[in-house]
Amino acid sequence: MAEPFSVPVTVRGYETDVQGHVNQAVYVNYAEHARWSLLQAAGISQAGLAAKGVGPVSLEMTVRYRRELRAGDEVEVTCDFIWGEGKTFRVEQTIRKSDGTVAAEITGVGGLMDLKERKLVADPRDYFRALASDPARFGL
């Protein structure tokens, strides 16, 4: 199995809270940034999705906070799509400090919504394959 896609992030001071560590909601932003970066790396743009009449949706997300992050920390945020059958897929992500310490693990369930019908498409893999210039980034 190939290594998951990853993007570097530097923790910015304004992302910290009164305790001096990253606010919990920022971890979700880092995960979202990695997901969109993966789509972009695979050749899928927001405009391309909209032109096909679909948009990604998050249906469920769990964040397991393992270690705190502080301003200036350098982290890698991974993103790995796990395909099953049907309308949804899993996304597994890890936020890891430069010393290898896992700061957070994020798991989610997503889908692609038909923007006209406002329902999930039957097989999101078909759309990702059709839109991506590099579908292997998604394990397809």
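Scroll up to find the structure this text is about.
Remember, it's a predicted structure, so these values are computed and weren't measured experimentally. (Residues numbered from 1 in each chain as written. Predicted model: local features only at pLDDT ≥ 70, side-chain atom pairs only at ≥ 80, totals over all residues. Heavy atoms only, no water.)

Colleague: Account for the pairing of strand β4 (residues 88–97), with residues named and values stated.
Modeller: Within a regular beta strand, the side chains point alternately toward one face of the sheet and then the other, so they alternate between its two faces. Examined bridge by bridge, strand β3 (residues 74–83) and β4 share 7 bridges and lie antiparallel to one another. Looking at the pairing, phenylalanine 81 lines up with valine 91 of β4. In this antiparallel pair of consecutive strands, β3 and β4, the connection spans 4 residues, and glycine 86 shows a positive phi of 95°. Two strands pair when backbone bridges link them, and β4 and strand β5 (residues 102–114) are joined in this way by 9 bridges, in the antiparallel orientation. Counted as the bridge partner of isoleucine 95 is alanine 104 from β5. What sits between the antiparallel neighbours β4 and β5 is a turn of 4 residues, in which glycine 100 has the positive phi angle 95°. (Pairing = 2+ DSSP bridges. Helix = DSSP H or I, 4+ residues; strand = E, 2+ residues; numbered from the N terminus.)

Colleague: I'd like to hear about the environment of leucine 115, residue by residue, with values.
Modeller: On the secondary structure map, leucine 115 appears in the loop between β5 and β6 (119–120). Its relative accessible area of 36% is what places leucine 115 among the partly exposed residues. When the C-alpha positions of leucine 115 and alanine 41 are compared, they lie 23 Å apart, and in sequence the two are 74 residues distant. Leaving out residues up to four positions away in the same chain, leucine 115 has contacts with Gly53, Val54 and Gly55. (Buried < 20%, exposed > 50% of the residue type's maximum accessible area, 1.4 Å probe, protein only. Contact = heavy atoms within 4.5 Å.)

Colleague: Just give me the short version of the layout of surface pockets, but keep the residues and values in it.
Modeller: In this model, the largest pocket occupies a volume close to 260 Å³. As for the largest pocket, its lining consists of 20 residues, and the residues nearest its centre are Glu32, Arg35, Pro56, Val57 and Ser58. When residues in the lining of the largest pocket are grouped by element, the largest group, 6 residues, is from β5. Residues of the lining of the largest pocket, tallied by class, amount to 11 nonpolar, 6 polar and 3 charged. (1 Å grid on protein atoms, 1.4 Å probe; cavity = no way out; pocket = protein on both sides within 12 Å on 5 of 7 lines; lining within 4 Å. Points joined across faces, edges and corners; volume = space filled by probe spheres on them. Nonpolar A, V, L, I, M, F, W, Y, C, P; charged D, E, K, R; others polar.)

Colleague: Describe the nonpolar core, naming the residues involved and giving the relevant values.
Modeller: Judged by nonpolar contacts, the single largest core of 34 residues is most densely connected at Tyr30, Leu69, Phe81, Ile95, Phe128 and Phe138. For this core, the secondary structure elements donating two or more residues are β1 (5–10), α1 (24–41), β3, β4, β5 and α3 (124–131). Looking at this core element by element, the count peaks at 7 residues for α1. In contact with tyrosine 30, not counting residues within four places along its chain, are Val9, Val11, Arg12, Glu15, Val22, Leu69, Val77 and Ile95. (Core = buried A, V, L, I, M, F, W, Y, C linked by side-chain atoms within 4.5 Å.)

Colleague: Any details on the pattern of salt bridges? Residues and values, ideally.
Modeller: By the definition in use, this model includes 9 salt bridges. Salt-bridge contacts for arginine 12 lead to glutamate 15; the nearest nitrogen and oxygen are separated by 2.5 Å. As a salt-bridge pair, glutamate 32 and arginine 35 come within 2.3 Å of each other at their nearest N and O atoms. Taken together, the positions of glutamate 32 and arginine 35, both in helix α1 and 3 residues apart, correspond to about one turn of that helix. Taking relative accessible area as the criterion, glutamate 32 reaches 34% and is therefore assigned partly exposed. Three or more residues are tied together by salt bridges with common partners; here these are Glu85, Asp123 and Arg125. (Salt bridge = Lys/Arg side-chain N within 4 Å of Asp/Glu carboxyl O.)

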